[in-house]
Amino acid sequence: MECGALRLKSNGNALGAGRGKKKAAKDKARILEHIVSSKKQEEEEERGLDKRTPALVAFEKMQEKRQVERVLKKALKTYKERVEEFNRHLDALPEYHDIPKVSWTK
């Protein structure tokens, strides 16, 4: 058995002292690296180093355009109008789609 001084966590010589701060600093560094790398990727795309085909670029532009149109279309209607439209749709369906009433007493 070794005899020596008792090491407490509050002691600066302890093995676990200061680990949290180093980890936090590393996390911040990783986040900054990620932000910088994403900015570099955006810059490369703007410079023309994009490896997408012209058809793929056109497809993505159309996807974005359609998505914006959908958002604007939904934004024009209020909740009440959407509910009324849904109820009209349900009324237009044939009764075949109705759930039959089940009763054990009758």
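For clarity, every value in this text was computed on a predicted model and none was experimentally measured. Each chain has its residues counted from 1, running along the sequence as written. Only residues with pLDDT of at least 70 are given local features in this predicted model, and only at 80 or more are side-chain atom pairs given and counted; all residues enter the totals for whole chains, interfaces and linings. For side-chain calculations, the full set of non-hydrogen atoms in the structure is used, while hydrogens and water are omitted.

A. Representation of the overall build of the chain. Numbering goes from the N terminus for both helices and strands, where a helix is a DSSP run of H or I of at least four residues and a strand is a run of E of at least two. Per the secondary structure count, the chain includes three helices and zero strands. A simple rule labels every residue: compare its accessible area, found with a 1.4 Å probe on the protein chains alone, to the largest value its type can have, and call it buried under 20%, exposed over 50%, or partly exposed in between. Relative to its full complement of 106 residues, the chain shows a buried share of 1%. Under the convention used here, a 1.4 Å probe and the Shrake-Rupley method define accessible areas, while residue burial counts only the protein chains that appear. Only carbon and sulfur atoms are counted for the fraction: they give 57% of the accessible area of the chain, which is about 11,400 Å².

B. The pattern of salt bridges, seen in detail. We define a salt bridge as a side-chain nitrogen of Lys or Arg found within 4 Å of a carboxyl oxygen belonging to Asp or Glu. Summed over all chains, the structure comprises two salt bridges. Of the charged contacts, one joins Arg 52 and Glu 60 as a salt bridge, the two residues approaching to 2.0 Å between their closest N and O atoms. Across the pair Lys 77 and Glu 85 runs a salt bridge, and its minimum N-O distance is 2.3 Å. For Glu 85, a relative accessible area of 36% puts it in the partly exposed group.

C. The arrangement of a positive patch on the surface in detail. Together, Lys 65, Arg 66, Arg 70, Lys 74 and Arg 82 make up a positively charged patch on the protein surface. Counting residues per element, the positive patch draws most heavily on helix H2 (residues 54–76), which supplies four residues. Inspection of the secondary structure puts Arg 70 in helix H2. Patch membership requires over 30% relative accessible area and the absence of a salt bridge. Like charges are linked within 9 Å, and nonpolar side chains (Val, Leu, Ile, Met, Phe, Trp, Tyr) within 5 Å. The sign given to each residue is positive for Lys and Arg and negative for Asp and Glu; His and the chain ends receive no count. One atom stands in for each charge, and that atom is NZ of Lys, CZ of Arg, CG of Asp or CD of Glu.

D. Fine view of a nonpolar patch on the surface. Judged by side-chain polarity, Ile 31, Leu 32 and Ile 35 come together as a nonpolar surface patch covering roughly 280 Å² of accessible area. Tracing the backbone shows Ile 31 in helix H1 (residues 19–47).

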